[in-house]
Amino acid sequence: MTRVRRGALLLLAALLVWGAAGQAQAVGYRYWSFWERDGDRWTYATEGPSTARPADGAVQGFRFAVSEDSADATRPRGTARFAAICAQTPEREGRKRVALVLDFGTAADAPGDETPPSARTACAAVAPDATTAEALAAVARPLRYDANALLCAISGYPRTGCGEQVAATGEQPTTAAKEPAATGDGGPSIGLWAGGAAVVLLGTAAFWQARRRRDG
């Protein structure tokens, strides 16, 4: 085997070790994500339900799942057409109608021994200046929030927990509750440092092996 090929294989092995170390450190957050319907697709809401003020005819969704961050968040499933969701809720003067899609997620994302309720839709008839939180409270009580106004439960689900950090598989919490959009403390993880060290060590080994063969 040539020195170049041997060195390439060693570096490839180093990269695989580094990648595995990064995957081992992957985490997610179990929480209710908030979505807005834009045409035929969901977009992640740019503000929370307590400040968002949807217009009459808006469609908004909530999905409970384990996600790494907003880019990785799982979208609500099911029907998302205003005409269908609010068909049985007539227009009323001085009220607006907001269609809500409530997706309680899957058993894989459920905390502890809880079973997620079936996904459903609801049409909230609320005051013209009502927020999404007020629309949600009109059709999906009880709601639960934490001290930072993070939405923790819709229709009582889940019974406990709020934005807790969990393993990437969604099995068990690993730390206390944190902001769900966060992906860490801003510094490199131990796994990342370990992976980097492996790359350096294996790369150095390849260099000295090649030099020893050349000098010999």
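Source: prediction; values computed, not measured. Residue numbers restart at each chain and count upward from 1, following the sequence in its written direction. Only residues with pLDDT of at least 70 are given local features in this predicted model, and only at 80 or more are side-chain atom pairs given and counted; all residues enter the totals for whole chains, interfaces and linings. For side-chain calculations, the full set of non-hydrogen atoms in the structure is used, while hydrogens and water are omitted.

Regarding the pattern of salt bridges
Next up, step 1: Each salt bridge in this description consists of a side-chain nitrogen of Lys or Arg and a carboxyl oxygen of Asp or Glu lying within 4 Å of one another. Counting across every chain of the model gives seven salt bridges.
Next up, step 2: Of the charged contacts in the structure, one is a salt bridge between Asp-103 and Arg-63, with a shortest N-O distance of 3.5 Å. On the criterion of sequence distance, the pair formed by Asp-103 in strand 4 (residues 96–103) and Arg-63 in strand 3 (residues 59–67) is long-range, its members being 40 residues apart.
Next up, step 3: Residues joined by salt bridges that share partners form a network here, namely Arg-63, Arg-77 and Asp-103. Helix and strand assignments follow DSSP, with helices taken as H or I runs no shorter than four residues and strands as E runs no shorter than two, numbered in order from the N terminus.

A look at the environment of Thr-79
Next up, step 1: Tracing the chain through its elements places Thr-79 in the loop between strand 3 and helix 2 (82–85).
Next up, step 2: Here a residue-residue contact requires only that any non-hydrogen atoms of the pair lie within 4.5 Å. Among all residues touching Thr-79, those that are not within four sequence positions of it are Ala-84, Ile-85, Val-101 and Thr-121.

Some details on the state of the cysteines
Next up, step 1: Only a pair of cysteine sulfur atoms within 2.5 Å counts as a disulfide in this structure description. All chains considered together, the criterion is met by two disulfides.
Next up, step 2: Residue Cys-86 pairs covalently with Cys-123 via a disulfide, S to S 2.1 Å. Linking Cys-86 and Cys-123, the disulfide has an S-S dihedral of approximately 100° and is accordingly described as right-handed. On the criterion of sequence distance, the pair formed by Cys-86 in the loop between helix 2 and strand 4 and Cys-123 in strand 5 (residues 120–126) is long-range, its members being 37 residues apart. The two residues Cys-86 and Cys-123 agree in class, both being buried.
Next up, step 3: What pairs with Cys-152 in a disulfide is Cys-162, and their sulfur atoms sit 2.0 Å apart. Classification of the bridge connecting Cys-152 and Cys-162 rests on its S-S torsion, roughly -75°, and on that basis the disulfide is left-handed. Note that Cys-152 is positioned in strand 7 (residues 151–153) and Cys-162 in the loop between strand 7 and strand 8 (164–167), a separation of ten residues in sequence.
Next up, step 4: Residue Cys-162 is classed as buried on the basis of its relative accessible area of 12%. Buried, partly exposed and exposed residues are distinguished by accessible area as a fraction of the type maximum, computed with a 1.4 Å probe on protein chains only: under 20%, between the cut-offs, and over 50%, respectively.

Thoughts on the packing of aromatic side chains
Aromatic ring pairs are defined here through the distance separating the ring centres and the angle between the ring planes.
Next up, step 1: Side-chain rings of Phe, Tyr and Trp, where Trp is taken by its six-membered ring, are said to pair if the distance between their centres is within 6.5 Å; with planes under 30 degrees apart they count as stacked, over 60 as edge-to-face, and otherwise as tilted. Here the structure, examined in full by the defined rule, presents six aromatic pairs.
Next up, step 2: Taken together, a centroid distance of 5.3 Å and an interplanar angle of 85° make the contact between Trp-32 and Phe-104 edge-to-face. Pair noted here: Trp-32 is in strand 1 (residues 27–38) and Phe-104 is in the loop between strand 4 and strand 5, with a separation of 72 residues, a long-range link. For the residue pair Trp-32 and Phe-104, the accessibility class agrees, reading buried in each case.
Next up, step 3: Ring geometry for Phe-34 and Phe-62: centres 4.9 Å apart, planes at 15°, overall stacked. Residue Phe-34 is found in strand 1, and its partner Phe-62 is found in strand 3; the two are separated by 28 residues along the sequence.
Next up, step 4: Judged by its relative accessible area of 6%, Phe-34 is buried.
Next up, step 5: Of the aromatic side chains, those joined through ring pairs into one cluster are Trp-32, Phe-64, Phe-104 and Tyr-157.
Next up, step 6: Its guanidinium or amino end placed over the ring of Trp-42, Arg-37 lies 5.0 Å from that ring's centre, counting from NZ or CZ. Ring-over charges, as used throughout, are those where CZ of Arg or NZ of Lys falls within 6 Å of the ring centre and within 35 degrees of the ring normal.

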